[in-house]
Amino acid sequence: MAYDGKSPPPGNAVSCRGVSKIWSAGTVRAHEALREIDLDIGPGEFVALLGPSGCGKSTLLYLIAGLEAVTAGELWSFGQRLLAPSPERSLIFQETSLFPWLTVWQNVSFGLAIRGTPVEQRRAVAKEALQRVGLSAAFDKRPDELSGGMRQRVAVARALAMQPKVLLMDEPFAALDVQTRQRMQDFLIDVWRSSGASVLFVTHHIDEAVALSDRVVVFTARPGRIKTIVPIDMDRPRNLFSTECEKLRMELTAHLKDEVERAFAEQEAFAVTP
Amino acid sequence: MASLATAVDLKDGNKMRGDTPAIPTHPVGERLRSWLSRVGWTIVSIGMFSGIWEVLWLVGIADPKLLPPPHVFVGNFVDQVKFFNTATRWSIGVNPESGPTPIEALMITIGATAGRVFAGLLIASALGITVGVLIRYIHVFEKLTLPTITLLSPVSPIAWLPVAIFLFGIGNAPAIFMVVIALFFHMVLATISQIDGVNRNLINVARTVGATKGQIYRLVIIPAILPGLLMVLRLNMFGAWMVVLVAETTGVGFGLGQVIMLARNTFNPSLVFFCIALIGVLGFVSDWILRIVQKRILYWVPETAGVLRGL
């Protein structure tokens, strides 16, 4: 399934064609993170990337964000080759990525400040974006005065302020407690619906993938390849205790189990022979 | 959507409920008490060491001619202060009585030394941070300068003393030069390591919204490294106080180093200990000033000392 040289349909929010990534290529520390990924994300689609840790799913996100260069293959977005970072594709990180020296609204409108937007307009955009994430009251606060969940919502607001077409989320709720995480999932669905952006959501949580996504892309252990893609055609909010969800969960668990075991075996072998 | 957002708010929004002040402040009484307790412990600590010294003197172990106890070297304050009247000592044909009063002379001496320390500190940090940032910003600049800087950084400032005199003769300039040279290399290397330690996510956020390299340095990296650099500056300030004394012994006219030289040449241990006490107080005060500056500029850095106290 190597790259065939034809450009993908221009309607796709993201298209990966034979994307491979080798970290520190050409050195002794070289290791292959991704091998020949072919993946299409439609506009407004919610796709979860699921896989054992270290399988390269986050790497794929960084490549799509344009923060890292591919080793082989091509990335496309809306008919354009994807070669550099762009505000159209906002990345939301697992850990806090707010600037601690800026207030919440300054953080949200940081991208506009970079473009030289006048301060009044920046405040207006920040106000609107904060309203959308339900944090209007935090406008003048500083990040360290907020809880973990609130900080992630500010990060989402910052992404929304740039009116992105693709939201890239790297396990954004992994550091949150279970209750907050569930609330944040509801919140994310809400934001996704109102923004119309595609969401690419990295997680190692099966429940999270089942609750949120239109499609679940399951990765193999290192090097990351697409093992299978499981479509989920169910209305949201989903009842995770329903029989369909139970079936999905079992299916995804089975897919993952092999890979996690393979990853473990590899790690053990690596530990024995240095 | 609105109802959902409110529901989310209720969950982890309890921090924002009501009109609680943005930054939790202690009531005035509690702050006063914590301040008094700090001052109290400082007095107890100094009192304890002075007490041991006094007892050693009382039982005859500490020879007052060599190790005069605190009540001796602080007690005859007026006599001690007379030695500071070195302002016109080197001039020929000047009546020694005509200079400033002893207290004025003390102030001039302290002011001169502190001025050199702070001038050196300011120049060294401005230069050090600029060079450090340029090294990371311009690759060729790094290749050209970093090896030499790394090579020179372990050289003791004492070795630079002759160079200071060759270049600047005597006066303020060589003393300030010594402070600068003592701090500069450390500031450069600290700046580089601080830049390397900046959270990658913050830089990536700026890259995603299309920030240029210059904007990333100006808006992300510089604010992110400031807290660490101010800490480095505080640690280096003690180094500056040490170096300035050495520099002043070479004949800058006046300054604490000069007075210590005088004390050494005239075999006056009382004066030596008096100067040591004075420098201790000055170092403490300047650290306190830097701490205030730190709090003002770096309002976002949380105070972490409380965590250790809980252990």
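What you are looking at is a predicted structure, and each value in this text was computed from that prediction instead of being measured.

Enquirer: Even after reading the chapter, I still don't get the packing of aromatic side chains, so can you show me in this structure?
Expert: Each aromatic ring pair is described using two quantities: the centre-to-centre distance and the angle formed by the ring planes. Under the defined criterion, the tally for this structure stands at 15 aromatic pairs over all chains. When the ring of Trp105(A) is compared with that of Phe139(A), the centres are 5.8 Å apart and the planes differ by 5°; the resulting orientation is stacked. Here Trp105(A) is found in helix H2 (residues 104-108), whereas its partner Phe139(A) is found in the loop between helix H4 (119-132) and helix H5 (148-161), with 34 residues between them in sequence. Put simply, the rings of Trp160(B), Phe168(B), Phe177(B), Phe184(B) and Phe185(B) pair up and form one aromatic cluster. Directly above the ring of Phe187(A) sits Arg153(A), whose terminal nitrogen or CZ lies 5.7 Å from the centroid. The ring of Phe78(A) has Lys165(A) sitting right over it, with the charged end atom 5.3 Å from the ring centre.

Enquirer: Honestly, the pattern of salt bridges in this entry has me stumped. Any pointers?
Expert: Between side chains of opposite charge, pairing is possible as soon as their charged atoms come close. Using the criterion set out here, one finds 18 salt bridges over all chains in the structure. Here Lys257(A) makes a salt bridge to Glu261(A), at a shortest N to O gap of 3.5 Å. Of this pair, Lys257(A) and Glu261(A) both sit in helix H8 (residues 243-272), four residues apart, roughly one helical turn. Between Glu142(B) and Arg136(B) there is a salt bridge; the shortest N-O distance is 3.0 Å. For Glu142(B), a relative accessible area of 18% gives the class buried. Several salt bridges converge on common partners, so that one network encompasses Asp207(A), Glu246(A) and Arg249(A).

Enquirer: Which parts of the structure should I look at to understand the interface of chain A and chain B?
Expert: When the parts of a complex come together, some accessible area is lost, and that lost area is often used as the size of the interface. Across the contact, 44 residues belong to chain A and 31 residues belong to chain B. Between chain A and chain B the total buried area reaches about 3,300 Å² when both faces are included, carbon and sulfur atoms providing 64% of it. Along the contact surface separating chain A from chain B lie zero salt bridges. The tally of links between chain A and chain B comes to two residue pairs in polar contact (both at pLDDT 80 or more). Residue assignment for the side of chain A that touches chain B shows that the elements contributing at least two residues are strand S6 (89-92), helix H3 (110-115), H5 and helix H6 (178-195) of chain A. It is H6(A) that contributes the most residues to the side of chain A that touches chain B, seven residues altogether. Here the residues of the side of chain A that touches chain B are counted per class, giving 19 nonpolar, 12 polar and 13 charged.

Enquirer: I'm lost on the sheet that holds strand S4 (residues 72-77) of chain A in this one. Help?
Expert: Either a parallel or an antiparallel arrangement is found when strands of a sheet pair, and the pairing is made through backbone hydrogen bonds. Residue and element names in this part refer to chain A. Strand order in the open sheet made by the four strands is S2-S1-S4-S5, with antiparallel pairing throughout. Among the strands making up the open sheet, the edge pair consists of strand S2 (31-41) and strand S5 (80-81). Running over the sheet, helix H1 (residues 57-65) touches strand S1 (14-23), S2 and S4 and is turned about 115° from S1.

Enquirer: Is there a simple way to think about the side chain of Gln294(B) in this case?
Expert: All names here are of chain B. Mapping Gln294 onto the fold places it in helix H12 (residues 269-297). Since its relative accessible area comes to 16%, Gln294 is described here as buried. In contact with Gln294, other than residues within four places in its own chain, are Pro227, Leu230, Met231 and Arg234.

Enquirer: When you look at the packing of H5(A) against H6(A) in this model, what are you seeing that I'm missing?
Expert: Each pair of packed helices can be described by the angle between their axes along with the distance between the axes. Residue and element names in this part refer to chain A. In the contact formed by H5 and H6, the axes pass within 11 Å of each other and the chain directions differ by 10°. Classified by the angle their axes make, H5 and H6 are roughly parallel. In terms of crossing hand, the pair formed by H5 and H6 is right-handed. Contacts between H5 and H6 involve Gly149, Gln152, Arg153, Val156 and Leu160 from the former and Thr180, Met184, Phe187, Val191 and Ser195 from the latter. Along the lines of polarity and charge, the residues of the contact of H5 with H6 split into five nonpolar, four polar and one charged.

Enquirer: Would you explain the sheet that holds strand S7 (residues 166-170) of chain A in this entry?
Expert: Residues and elements named next belong to chain A. As summarised here, the arrangement of the six strands in space is S6-S7-S8-S3-S9-S10, forming an open sheet in which the pairing is mixed. Single-partner strands in this sheet number two, and they are S6 and strand S10 (226-231). On average, adjacent strands in this sheet sit at an angle of 15° to one another, irrespective of strand direction. Examined bridge by bridge, S7 and strand S8 (residues 198-203) share five bridges and lie parallel to one another. Within the sheet, the bridge partner assigned to Leu168 lies in S8 and is Leu200. The strands touched by H5 within the sheet are S6 and S7, with S6 carrying the most contacts at an inclination of about 170°. Running at roughly 135° to strand S3 (residues 46-50), H6 makes contact with S3, S7 and S8 of the sheet.

Rules behind the numbers
- Residues numbered from 1 in each chain as written.
- Chains lettered and ligands numbered in written order.
- Predicted model: local features only at pLDDT ≥ 70, side-chain atom pairs only at ≥ 80, totals over all residues.
- Heavy atoms only, no water.
- Phe/Tyr/Trp six-rings, centres within 6.5 Å; stacked < 30°, edge-to-face > 60°.
- Helix = DSSP H or I, 4+ residues; strand = E, 2+ residues; numbered from the N terminus.
- Lys NZ or Arg CZ within 6 Å of the ring centre and 35° of its normal.
- Salt bridge = Lys/Arg side-chain N within 4 Å of Asp/Glu carboxyl O.
- Buried < 20%, exposed > 50% of the residue type's maximum accessible area, 1.4 Å probe, protein only.
- Contact = heavy atoms within 4.5 Å.
- Buried area = accessible area lost by both parts, 1.4 Å probe.
- Polar contact = N/O pair within 3.5 Å; in protein donor to acceptor, adjacent residues only side chain to side chain.
- Nonpolar A, V, L, I, M, F, W, Y, C, P; charged D, E, K, R; others polar.
- Pairing = 2+ DSSP bridges.
- Axes fitted to C-alpha atoms, helices over the stretch in contact; angles between N-to-C directions.
- Parallel < 35°, antiparallel > 145°, perpendicular 65-115°, else oblique.
- Left-handed = near helix turned anticlockwise from the far one by under 90°.

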